[in-house]
Amino acid sequence: MLNLAKEKNPMPEQDPMVRNKNFKEVSTGYTEDMAVNEAMRCLQCRKKPCTTGCPVRVRIPEFIAKIAEGEFEEAYQIISTTSSLPAICGRVCPQENQCEGRCSQGTKGEPVAIGRLERFAADWHREHGTDESVERAEGNGHKVAVVGSGPAGLACAGDLIAKGYDVTVFESLHKEGGVLAYGIPEFRLPKAIVSAEVSALQEKGVEFVNNAVIGMSMTVDELFEDGYEAVFVGTGAGLPQFMNIPGENLLGVYSANEYLTRINLMKAYKPEYDTPIQIAKRVAVIGGGNVAMDAARCAKRMGAEEVYIVYRRSMDEIPARKEEIHHAIEEGIIFRLLTNPVAIKGTEEAYVCGLECVEMELGEPDASGRRRPVEKKGSNFILDVDAVIMAIGTRLNKLILETTEDLEPNKKGGIGADEKTGATSHKGIFAGGDAVTGAATVILAMGAGKNAADSIDQYLEAN
Amino acid sequence: MYKIVGKRRLNSTITWLEIEAPLVARKARPGQFIILRTDEYGERIPLTMAGHNAEKGTIDIIYQAVGKTTLLLDQFEVGDALADVVGPLGKPTEMEGLKRVAVVGGGTGNALAYPIAKGMHDAGIEVDMIAGFQTKDVVILEEEFRAGTTNLYITTDDGSYGEKGFTTDKLKALIEAGNPYDEVVAVGPPVMMKFVCQLTKKYGIKTVVSLTAYMVDGTGMCGGCRVVIGGENKFACVDGPEFDGQLVDWDELIQRNSFYKEQEKEDITHVCRLTGGVRYYA
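These numbers come from a predicted model, not from an experiment.

In this section: the nonpolar core. One finds Val 285 and Leu 355 of chain A together with Leu 211 of chain B to be the most contacted residues of the largest nonpolar core, which totals 90 residues. When residues of this core are assigned to their parent elements, the largest contribution, six residues, is made by helix α13 (residues 290–301) of chain A. Excluding residues that lie within four positions of it along the chain, Val 285 of chain A makes contacts with Ala 292, Ala 295, Ala 296, Val 307, Tyr 308, Ile 309, Val 310, Ile 389 and Ala 391 of chain A. Residues Ile 64, Val 112, Val 442 and Tyr 459 of chain A belong to the second largest nonpolar core, which totals 68 residues.

With that settled, consider the packing of aromatic side chains. On inspection of all chains with the given rule, the structure shows 13 aromatic pairs over all chains. A ring pair is formed by Phe 170 of chain A and Tyr 228 of chain A, whose centres lie 5.9 Å apart and whose planes are at 80°; its orientation type is edge-to-face. Separated by 58 residues along the polypeptide, Phe 170 of chain A in strand β2 (residues 166–170) and Tyr 228 of chain A in the loop between α11 (220–225) and β4 (230–233) bring together distant segments of the chain. Using a relative accessible area of 11% as the deciding quantity, one classes Tyr 228 of chain A as buried. One aromatic cluster is present, formed by Tyr 254, Tyr 259 and Tyr 351 of chain A together with Tyr 214, Phe 259 and Tyr 260 of chain B through successive ring pairs.

This part covers the pairing of strand β2 (residues 14–20) of chain B. Residues and elements named next belong to chain B. For β2, the tally of buried residues reaches six of seven residues, placing the bulk of the element in the interior. Pairing of strand β1 (residues 2–9) with β2 involves five bridges; the strand directions are antiparallel. The residue bridging Arg 8 from the neighbouring strand is Trp 16, located in β2. Where β1 hands over to β2, the hairpin turn is made up of four residues, counted between the paired strands. Of the strand pairs in this sheet, β2 and strand β5 (residues 58–64) are connected by seven bridges, and their pairing is antiparallel. Across the sheet, the residue bridging to Ile 19 is Ile 59, located in β5.

Let us look at the domain arrangement of chain B. Where the parts come together, the accessible area they lose is often given as the size of the interface. All names here are of chain B. Taken as a whole, chain B is organised into domain 1 (2–89) and domain 2 (100–210). On a C-alpha basis, the centroid separation for the pair domain 1 and domain 2 is 24 Å. If you look at the interface, domain 1 gives 13 residues, while domain 2 gives 14 residues. The largest share of the area that domain 1 buries against domain 2 comes from Asn 11, Thr 48 and Ile 62, three residues that together contribute 35% of it. Here domain 1 is connected to domain 2 by one salt bridge. The tally of links between domain 1 and domain 2 comes to three residue pairs in polar contact (both at pLDDT 80 or more). Of all elements in the fold, only β2, β4 (45–53) and β5 reach the threshold of two or more residues within the side of domain 1 that touches domain 2. Grouping the constituent residues of the side of domain 1 that touches domain 2 by class yields eight nonpolar, four polar and one charged.

What follows deals with helix α14 (residues 322–330) of chain A. Note on helix geometry: an α-helix contains 3.6 residues per turn, so any two residues three or four positions apart are oriented the same way. All names here are of chain A. Those residues of α14 that sit buried are Glu 324, Ile 325, His 327 and Ala 328. Across the axial projection of α14, the buried residues extend over an arc of 160°, all falling on one side. Its buried side turned inward, α14 meets α1 (16–19), α13 and β9 (334–336). Once α14 finishes, Gly 332 follows within two positions and takes phi at roughly 95°, a positive value.

Time to look at the sheet that holds strand β11 (residues 163–164) of chain B. Pairing between the strands of a sheet is mediated by backbone hydrogen bonds and can be parallel or antiparallel. All names here are of chain B. Pairing within the open sheet is mixed, and its seven strands lie in the order β11-β10-β9-β8-β12-β13-β16. Of all strands in the sheet, those with a lone pairing partner are β11 and β16 (242–244), marking the two edges. Bridge count for strand β12 (residues 183–187) against strand β13 (residues 207–210) is three bridges, and the pairing is parallel. In the strand pairing of β13, Val 184 is matched with Thr 207. Of the strands in this sheet, β8 (100–106), β9 (126–133), β12 and β16 touch helix α3 (residues 109–122), which is tilted by about 170° from β9. Set on the sheet, helix α6 (residues 190–203) makes contact with β8, β12 and β13; between it and β12 the angle comes to about 165°.

Attention now goes to the interface of chain A and chain B. Taken residue by residue, the interface counts 45 residues in chain A and 44 residues in chain B. Summing both partners gives a buried area of about 3700 Å² for chain A against chain B, and 53% of it is carried by carbon and sulfur. Taken together, chain A and chain B are joined by three salt bridges. Residue Lys 27 of chain B is joined to Glu 222 of chain A by a salt bridge in which the shortest nitrogen-to-oxygen separation is 3.0 Å. Summed over the shared surface of chain A and chain B, the result is 20 residue pairs in polar contact (both at pLDDT 80 or more). Those elements that provide at least two residues to the side of chain A that touches chain B are β5 (239–240), β6 (253–255) and α12 (256–265) of chain A. When its residues are assigned to classes, the side of chain A that touches chain B shows 20 nonpolar, 15 polar and 10 charged.

All names here are of chain A. Two elements in contact, helix α8 (residues 151–162) and helix α17 (residues 442–462), have axes separated by 7 Å at closest approach and are oriented at 35°. Here α8 runs over α17; the crossing is right-handed. Counted together, Pro 151, Ala 152, Ala 155, Cys 156, Asp 159 and Leu 160 of α8 and Val 442, Ala 445, Met 446, Gly 449, Lys 450, Ala 453 and Ile 456 of α17 form the full contact between these two elements. Along the lines of polarity and charge, the residues of the contact of α8 with α17 split into 10 nonpolar, one polar and two charged.

Time to look at unusual backbone geometry. With an omega of -5°, the peptide bond running from Gly 87 of chain B to Pro 88 of chain B counts as cis. By secondary structure assignment, the location of Pro 88 of chain B is in strand β7 (residues 84–89). For the bond running from Gly 240 of chain B to Pro 241 of chain B, omega is 10°, close enough to zero to count as cis. By the secondary structure assignment, Pro 241 of chain B is in the loop between β15 (232–235) and β16. Residue Asn 211 of chain A is not a glycine yet carries a positive backbone phi of 55°. Within the chain, Ala 350 of chain A stands out as a residue other than glycine whose phi angle is a positive 75°.

So, how was this worked out
- Residues numbered from 1 in each chain as written.
- Chains lettered and ligands numbered in written order.
- Predicted model: local features only at pLDDT ≥ 70, side-chain atom pairs only at ≥ 80, totals over all residues.
- Heavy atoms only, no water.
- Core = buried A, V, L, I, M, F, W, Y, C linked by side-chain atoms within 4.5 Å.
- Buried < 20%, exposed > 50% of the residue type's maximum accessible area, 1.4 Å probe, protein only.
- Helix = DSSP H or I, 4+ residues; strand = E, 2+ residues; numbered from the N terminus.
- Contact = heavy atoms within 4.5 Å.
- Phe/Tyr/Trp six-rings, centres within 6.5 Å; stacked < 30°, edge-to-face > 60°.
- Pairing = 2+ DSSP bridges.
- Domains from an automatic or database assignment.
- Buried area = accessible area lost by both parts, 1.4 Å probe.
- Salt bridge = Lys/Arg side-chain N within 4 Å of Asp/Glu carboxyl O.
- Polar contact = N/O pair within 3.5 Å; in protein donor to acceptor, adjacent residues only side chain to side chain.
- Nonpolar A, V, L, I, M, F, W, Y, C, P; charged D, E, K, R; others polar.
- Arc of directions from axis to C-beta.
- Axes fitted to C-alpha atoms, helices over the stretch in contact; angles between N-to-C directions.
- Left-handed = near helix turned anticlockwise from the far one by under 90°.

Take a look at the structure:
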């Protein structure tokens, strides 16, 4: 039976004025009834445009049909054939630009809530799935190393272990998950879900070595000496960018990376943890991406009375997901659009006490196709803040490039790798995710990890 | 887990720990550092290595118990294990082309200057070490320094041991006596390093310092450890920890290192009060 509603089943959420004071998940997830009802909105169309919009080609109409039938475990099993991290993707993928963006239902009303259904299936499996012993693929005796345990590395490791490889993942921090652990906040992606995905891989036989900085603790070449026959590098885009404006080294200026790591990985919001963090009253977050939204919403939850998003273009150009912007506004984050910081002001003791900004207006489109922001002369004003968080993007970390012979960079300064196969200039080294492309999305990184797993399989079979 | 295999109190507040960390030990070089976490609730703190033994798979750290984490660290005994040790991090000390060097240490900084001095001495460089302390009671590692350097000069602020005065006084005397130093290395409190650099600048001697800054990951990701070198922002974790001291913006470094001082003061009182620093886990 088809559900003819033009709109998605709304996602149950914590009240904005309650949730902006806690770190519990914002969206509480569909109930079984809601999921079945939503699944019945899927037209099961023959062309399956949704699937072509998914970087890992999840068999979307098939899993949705199972949910409609109330076969939730089967739905999960269908997703698992292509995606190793559905509970994560269902939460953090930009579905509006991918699967849902191409959904036939979207032409006349809202698309089917594919992301919410994926999350539902994954959560249902985690809560109800039977404890049948995990099937391990028969080992083929070949060792592969994966550098970085973020989405690219986890996806690559998951596919390789399924193909029978002996897989070891090296992580530089003390906890697995990369950006899923240090970057994305608990209220958007509970860390228990990341841990569950890591444990699932461990049960299948993947080994994790934490506190191992490849390039320092050992080089990629030494991994080959240790018997690894292929190496996948999924180290992400690490180094935070600053604006090079006066006052950026004042006390209370953070990179979003540092601020989010202290809060998410190091749990600065829990009193039993020692992690120091500034408790600010008024915070300005510079930037308009998802990372900026995460930082702003964390600052609010850390007790800030006023939190600003300072972005130099307008709401039409802001890069964060609509849902995140909507959540941020609901939670009381103040958007200062068409505003650009020019200096940070400090007290005599060097603590931040203000952000000097100028107003902007939009001119002609630039190379990115977005209208270029132009400064309004003489429009300077000071935003009264005591902390500033820079969320204006990251540069690529050169550690692996600098310590690996014959590994060539690409034009952006990342690791030079074929986008389809992940192959690099160095025999046996494959790379993918943000380390190659610069900051992108979790799902694109996963796609790159999966593609590299295929290439590594072909490469090792041919050798 | 990273087991503690040796512990030695060097004076009333400074302790030496030997820790099993084979991955770090096999690559460690003088001048590099580690980041450790005592337990699940601990913060990640950077500490320069005082030594390493690749065959045993161990590293040495020497720390002064002044903050919450170092006070907690002081509660660990041989056989206990730390939650995390990662490294080696940072660039190793550059020694190429050096023939004669003066290494200046101050307080706990002496322990961190020692592996650099010894590393240089082992590499055939003539090393004069000036080890400065406040008073006789806190002098540490004298035998090790003597064995690992060409000449050792100990100074105390109050004159209770060695020569009375600051390290800069002794350094000045040695330079003026005509010792041809290719380089000076200074490790200690920022104020001491600053004054050493002011002195050596007058004589045109290149001076290398090892900087400590707040950091989280130690791989360049957080940007918390930014220091201004020659007017440019550098990350102490990946660009350092050693820099040309004459280019360091000392006032800003000292200021940045004071960021969490209020929280730290409060944290320390929390460590000692009820449990004497031992954490009880529910």
